[in-house]
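# Descriptive analysis of the structure
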Amino acid sequence: MDTSTQFKALIVEKTDDGRFVREIRERSINDLPPGDLVVRVVYSSLNYKDALSATGHPGVTRQFPHTPGIDAAGEVISCTGGAFAAGDNVIITGYDLGMETDGGWGEFIRVPSSWAVRLPANLTLREAMTLGTAGFTAALSVLKLEQAGVKPSDGDILVTGATGGVGACAVTILARAGYRVTASTGKSSDEAFLRMLGAAEIITRDQVTAGLERPLMKERWAGCVDVVGGDTLAAAIKATRYGGAVTCCGLVGSTELPLNIFPFILRGVSLIGIDSAGCPADPRAQVWNKLAGEWKPEQLHDLVTEVRLEGLEEKIQAMLRSESHGRVVVKLS
Ligand SMILES: NC(=O)c1ccc[n+]([C@@H]2O[C@H](COP(=O)([O-])OP(=O)(O)OC[C@H]3O[C@@H](n4cnc5c(N)ncnc54)[C@H](OP(=O)(O)O)[C@@H]3O)[C@@H](O)[C@H]2O)c1
């Protein structure tokens, strides 16, 4: 292909006075980082990490100008390594995409082919990005709870940040897998949305943390999928039943964990760390196949809003104000 081909991308630039500005501009495939796989991006998505990258958070991106987008799904244009043929549909989530490597908020990406997963049958490119890193992380969390021995008959699973991307996907995947889900949210107006996703009970953020000052809390949860961290994660662990497990993937509340060791040594509770970005190829493929099969949410179309690059600014700001509601997909080409 002609590598001087021009395409549209959202570019984040650092100004001389240290601000970060976002603009949609033309760039060429020659500008992209090296890699054996060139993909025409059909859909990308918005994740919390993208909102941080787009606003210059140094924990995600340090080199500017930069195109965010940790998720991309599209059509292979060329693959010099031979792993894919032109025309194949692929998904790329995580690794360094959208962090220091120009990401899915541009009409083309160039990456190592080892980052790509073939689009499973029974999943469209749009559905793959409706799930995206959020859905992948939610599914990986549910898989880890299952592997820790947490069964639907054990009792309720708490999902925190339930109206956000990871949370909403976790509610629907858990409900689909037969678990009774208690969804914690800061948005009383989203009760109907959470019930539609499959939540059996809805509680406030304060109801999760009430009693946190005690060394241990009343046993309430068979397991938990947490995206918040801080007091919320500590309370979830302190209120998890004997032998239960809690997954930790997010930091929207805090990166701290104010906790003692009693839940671990008196109740045998497990705390499981979740990293979707570096997830190895085998479990990565296993999770995508589950998402395309037995765990494919029936409500996928109800939990997504579609925007073009031009519509991202409003969604980024809403996400940073904790106003996310389900998932946002970005239509590129
Ligand atoms: N480790 C990994 O591999 C991985 C992968 C994906 C995401 N993550 C992390 O997971 C987190 C969630 O990502 P996301 O894409 O789902 O974000 P999101 O769509 O913005 O959802 C976050 C949700 O958390 C709740 N929330 C926000 N601020 C809060 C606060 N201060 N205290 C308590 N709850 C708060 C809100 O839900 P309610 O109003 O319903 O409470 C919000 O909708 C982020 O920290 C992200 O970086 C990690």
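Fair warning: this is a prediction, and the values are worked out from it, not measured in the lab.

## Remarks on the packing of aromatic side chains
Taken as a whole and assessed by the stated rule, the structure comprises four aromatic pairs. Arranged with centres 5.5 Å apart and planes meeting at 5 degrees, the rings of Tyr-95 and Trp-115 form a pair that is stacked. Residue Tyr-95 is located in the loop between β5 (89–93) and β6 (108–111), and its partner Trp-115 is located in the loop between β6 and β7 (116–118); the two are separated by 20 residues in the primary sequence. Between Phe-136 and Trp-288, the ring centres sit 5.9 Å apart and the planes meet at 40 degrees, which makes this aromatic pair tilted. Highlighted residues: Phe-136 in helix α2 (residues 125–147) and Trp-288 in helix α8 (residues 281–292), separated in sequence by 152 residues.

## Structural notes on unusual backbone geometry
A cis geometry characterises the amide bond from Phe-64 onward to Pro-65, with omega recorded as 0 degrees. Examined against the element boundaries, Pro-65 turns out to sit in the loop between α1 (48–54) and β4 (71–79). Phi at Tyr-95 is positive, roughly 50 degrees, even though this residue is not glycine. Taking the relative accessible area as the measure of exposure, Tyr-95 reaches 22% and is therefore partly exposed. Despite not being glycine, Ser-322 shows a phi value in the positive range, around 65 degrees. Within the element layout of this structure, Ser-322 appears in the loop between α9 (312–320) and β15 (327–331).

## What about the site of the ligand?
What surrounds the ligand is a group of 26 residues, the closest being Thr-163, Val-166, Thr-185, Ile-274 and Ser-276. Ser-322 is positioned with one of its side-chain polar atoms (N or O) 3.0 Å from a nitrogen atom of the ligand. Taken together, the residues that form the shell around the ligand break down as ten nonpolar, 13 polar and three charged. Inspection of the shell around the ligand shows a minimum of three residues originating in each of domain 1 (6–119 + 303–331) and domain 2 (133–273).

## Looking at the domain arrangement of the protein
You can read the domains of the protein as domain 1 (6–119 + 303–331) and domain 2 (133–273). Its C-alpha centre places domain 1 at a distance of 29 Å from the equivalent point of domain 2. Opposite the 13 residues of domain 1 that make contact, domain 2 presents 14 residues. Together domain 1 and domain 2 conceal approximately 1,000 Å² of surface at their shared face, both sides included; 61% is due to carbon and sulfur atoms. If you look at where domain 1 meets domain 2, you find zero salt bridges.

## Considerations on helix α3 (residues 165–176)
Across its twelve residues, α3 extends 17 Å between first and last C-alpha, which sits within 8% of the 16 Å expected from 1.5 Å per residue. Within α3, ten of the twelve residues are buried, which leaves the element mostly enclosed by the surrounding structure. Those residues of α3 not exposed but buried are Gly-165, Val-166, Gly-167, Ala-168, Cys-169, Ala-170, Val-171, Thr-172, Ile-173 and Leu-174.

## Let's talk about the pairing of strand β2 (residues 20–28)
As paired strands, strand β1 (residues 6–14) and β2 are joined by nine bridges and run antiparallel to one another. From the neighbouring strand, Lys-8 faces β2, where its bridge partner is Glu-26. Hairpin connection, β1 to β2: the antiparallel pair is bridged by five residues, and Gly-18 has positive phi, about 85 degrees.

## Let's talk about a nonpolar patch on the surface
Judged by side-chain polarity, Ile-261, Phe-262, Ile-265 and Leu-266 come together as a nonpolar surface patch covering roughly 390 Å² of accessible area. Tracing the sequence through the fold places Ile-265 in helix α7 (residues 262–267).

Thresholds, definitions, all that
Residues numbered from 1 in each chain as written. Predicted model: local features only at pLDDT ≥ 70, side-chain atom pairs only at ≥ 80, totals over all residues. Heavy atoms only, no water. Phe/Tyr/Trp six-rings, centres within 6.5 Å; stacked < 30°, edge-to-face > 60°. Helix = DSSP H or I, 4+ residues; strand = E, 2+ residues; numbered from the N terminus. Buried < 20%, exposed > 50% of the residue type's maximum accessible area, 1.4 Å probe, protein only. Near = heavy atom within 4 Å. Polar contact = N/O pair within 3.5 Å; in protein donor to acceptor, adjacent residues only side chain to side chain. Nonpolar A, V, L, I, M, F, W, Y, C, P; charged D, E, K, R; others polar. Domains from an automatic or database assignment. Contact = heavy atoms within 4.5 Å. Buried area = accessible area lost by both parts, 1.4 Å probe. Salt bridge = Lys/Arg side-chain N within 4 Å of Asp/Glu carboxyl O. Expected span 1.5 Å × (residues − 1). Pairing = 2+ DSSP bridges. Patch = residues over 30% accessible without salt bridge, like charges linked within 9 Å, V, L, I, M, F, W, Y side chains within 5 Å. Areas by Shrake-Rupley, 256 points an atom, 1.4 Å probe, with all protein chains shown as cover.

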